[in-house]
Structures are given as structure tokens and as C-alpha cells.
Amino acid sequence: MSSGIFWASLLLRPLQRYGWLSLLLWVLMMSPAAASVLMRVAITTNTNDIKVGSSTPATVRDGSGNVLGQIPNMGATVAKSASGQVSLSQWKAGQIWVEPSQNGKVWIGDNWYRGRVLLVQRNGGLMAINYVDLDQYLYSVLGAEMGGNWPIQALKAQAVAARTYALYKRQNNSSQIYDLGDTQTYQVYRGVSGESPATQTAVRATAGQVLTYNGRVILAVFHSSSGGHTENVEDVWENPLPYLRGVPDFDSGSPVFEWTRTFSTNDLSNRISGVGQVSSMTPERTSAFGSVISMRVVGSGGTRTISGEDIAGALGLRSTRFRVDRNNASGNFVVTGRGFGHGVGLSQWGAYNLANAGYNYQQILAHYYRNTTLARIQVQ
């Protein structure tokens, strides 16, 4: 299979009151047999070597599509970065494709994946990029982000949000060699091991559905749990967006709704540099819903104003919605917080509770993504 690039138009058909909108959005990688959206997911970005194999006989090609050879089914080999090229068994090229036959799976690192893999050399290391059909990619994302046993309406809401997010990133990363990574920085993707019958059902039931605002695919970010109220996006990142507004959450009772961490003075002071022994930590700016934007830290060696995000990272906290108290008896610092993640957009535990309360995925999405339209895409 060659890696030809074609211009494709995406038609957005709102499922509500609007007519057809034709929107030329981006360059899509497409199969010659059918116009399907392929995602380019970076599984590794800078490694010396990676194990590659296939569940069925696989064709090995160079970057121009020329056949180099075959890998037998269930036969694994190690790809390496060598003098600016990719080395795989006896083959060397600037880029190498491994393409399983008969809908086989490709082994990359330590997991099976659908689709095929492109091996490229970048910055002295090896990059492995999984080219996979969008909905097959989502089978795994739902299982990794929510779990295959979650309520079906919550899984459907996650399917639409994750599809929308993936297409948004595909559009805005069109100049890159890949669209998404496979970690929480993007959305978690674990290949076939993340799939379940329920995740496949949710993806198929919402096939082609995305969220739009003014005819454009939105930035459909999501998080685990907000701790009672989601955030306005500009209080977490820089730019305000009309559809990412803070709304009451329904995540009460989630495993991460409330949490506590205790730090000794020495431990806390070692984690926060530039102030010596910490004596107090006081919020300087907070969001409308209680998340720390910046905090004043006072210590024996001075005073610093530190962002809530940086403090959460230094202390390993689950969110920036926290307060810090000093226990006068022990001298320890007690951090009490709520939620898990950035708090913007869909709350996964909120969706879980709403689904269990009888709300459908359309209602869940409408609550967390304000004034959006649920539309259907068709690639032409």
C-alpha cells in the first residue's frame, strides 16, 4: 500500500437544524480502496531500536513504496536507527513501511496495533508512527480513557469527543509527520489491548459524528473529574473559546473527586526551589471556580509567585484545584484538593454519573460543550 496524499473535502452535516456545509479542511491520508480518514499516531518518537512484527505475512516497503521484502506471520525483527537511515533486518532506507496483509495486526514495541507502521529516523533516533483508521483508533482510545465496562452513553459521548479532538489535531498538525502521540498529552492509545466490545459498539453507534461551532470542528478537550465545576478555558490556557465554558459538574462520588496529600517541610521545600525552607503557601490568583492560577510561596530564603500548574507538577498533584494548610502540631503541610486533570470540557466521571442517571450522549455533550452542533462528517 502506498502512502499517497490526496486533497479531500469534509462535508459536515449537522444532525440538528442546519443544512449541508462543505468545508475543505486539510490534507488527509487515505486508502486507495476507500476514502477513510487515517490517523498518524506516534508510538515512539526518539528511541534507538524498536521491535516490529505482524500477525499475518507483512510487506516491507521503502518510503517510495518499493517492495523491499516480506516479514513472515508472527515473526518479529528489531528496527534500528543507523547513520541517518532505518535498518530493519537486511533492509535499510530513509523510511520503512511494515504493512500486514489480510487485516492483520502490526506489533510495535510491546503492543499489537491495527493498521500499518512507518519507521523514520528523526534527530538521531527512531520514530514509529501507526497509520490507523480513525474509528479503529477510537476503539482503543475509549478503553484507555474510560474503560470498556463504562455506561454505553458515557462511552458514546467519549467517542464523539475523542473523534472531534483527533480531527482537530489532525487539521492543526498538518505540517507535522504525525498527528497525535499516544499519551495523556494527547489522548491515551494502547492499540488492540485497549479495545472491548463496548468501545467498538460506542464508536460504531456514533460513526462520523463530531462537534462543531460555526461550522468548524471544535477543540473537544476532556478530563477525568473537575471536582464539582469545570473551568472556563482561558483560566487554564490562554485563549477564550465560546464553547469551553465552566459548567456544574456531576462527578461527585468519583474516586478522584476529593483527595489529600501530606508533605513534610523538608520534602515540600526540596520540591519547590528558590525560597529555602517553606513556611507558607497562599493563593494569589484563583479561577472563578477555585483552581489556583498563581500562589505566593514564602520561605526562609525569599518569596516567589509560582503558577498553580507548576506547583501541581512539582508536588505531583492531580489538579490545580487545591489548598495548602500547615499542621501546627506536626509541622507538615496538608494539601487538600479536588478533581483530576485540567478541568476543561467533558468530565469523564461527570459523564459516567449522567449516563447512569438516564441522560443520553447528546445531552451529556451539550452540557459540557456549550452551543455546539452535533454534525456528521463524510470524506469525499
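The structure this text deals with has already been given above.
Heads up: these notes are all about the structure in this document. (Residues numbered from 1 in each chain as written. Predicted model: local features only at pLDDT ≥ 70, side-chain atom pairs only at ≥ 80, totals over all residues. Heavy atoms only, no water.)

**Digging into the nonpolar core**
Item 1. Counting residues in hydrophobic clusters, the biggest one holds 73 residues, and the most contacted among them are M39, L88, L119, Y137 and Y369.
Item 2. In terms of residue count, helix 2 (residues 152-172) provides more of this core than any other element does, 10 residues in total.
Item 3. Beyond its immediate stretch of four places on either side in the chain, M39 contacts N130, Y131, V132, L134, Y137, A166, R170, D179 and L180.
Item 4. The next biggest cluster of nonpolar side chains, apart from the first, holds 19 residues, and it includes V278, V297, L315 and V324. (Core = buried A, V, L, I, M, F, W, Y, C linked by side-chain atoms within 4.5 Å. Buried < 20%, exposed > 50% of the residue type's maximum accessible area, 1.4 Å probe, protein only. Helix = DSSP H or I, 4+ residues; strand = E, 2+ residues; numbered from the N terminus. Contact = heavy atoms within 4.5 Å.)

**Regarding the sheet that holds strand 8 (residues 67-71)**
Item 1. In space, the 7 strands of this open sheet follow the order 8-7-12-15-16-5-17, with mixed pairing throughout. Either end of the sheet is taken by a strand with one partner, and the two such strands are strand 8 and strand 17 (180-181).
Item 2. Its contacts with the sheet put helix 1 (residues 134-145) on strand 5 (38-47), strand 16 (125-133) and strand 17, and the angle it makes with strand 16 is roughly 105°.
Item 3. Contacts from helix 2 reach strand 5 and strand 17, with the element oriented near 70° to strand 5. (Pairing = 2+ DSSP bridges. Axes fitted to C-alpha atoms, helices over the stretch in contact; angles between N-to-C directions.)

**Examining the environment of L315**
Item 1. If you trace the backbone, L315 turns up in helix 5 (residues 308-315).
Item 2. A relative accessible area of 0% places L315 in the buried class.
Item 3. C-alpha separation for the pair L315 and V335, spaced 20 residues apart in sequence, amounts to 9.5 Å.
Item 4. With residues near it in sequence (within four places) discarded, L315 still touches R261, F263, L268, R271, I272 and V335.

Taken by themselves, the reported measurements are silent on function.
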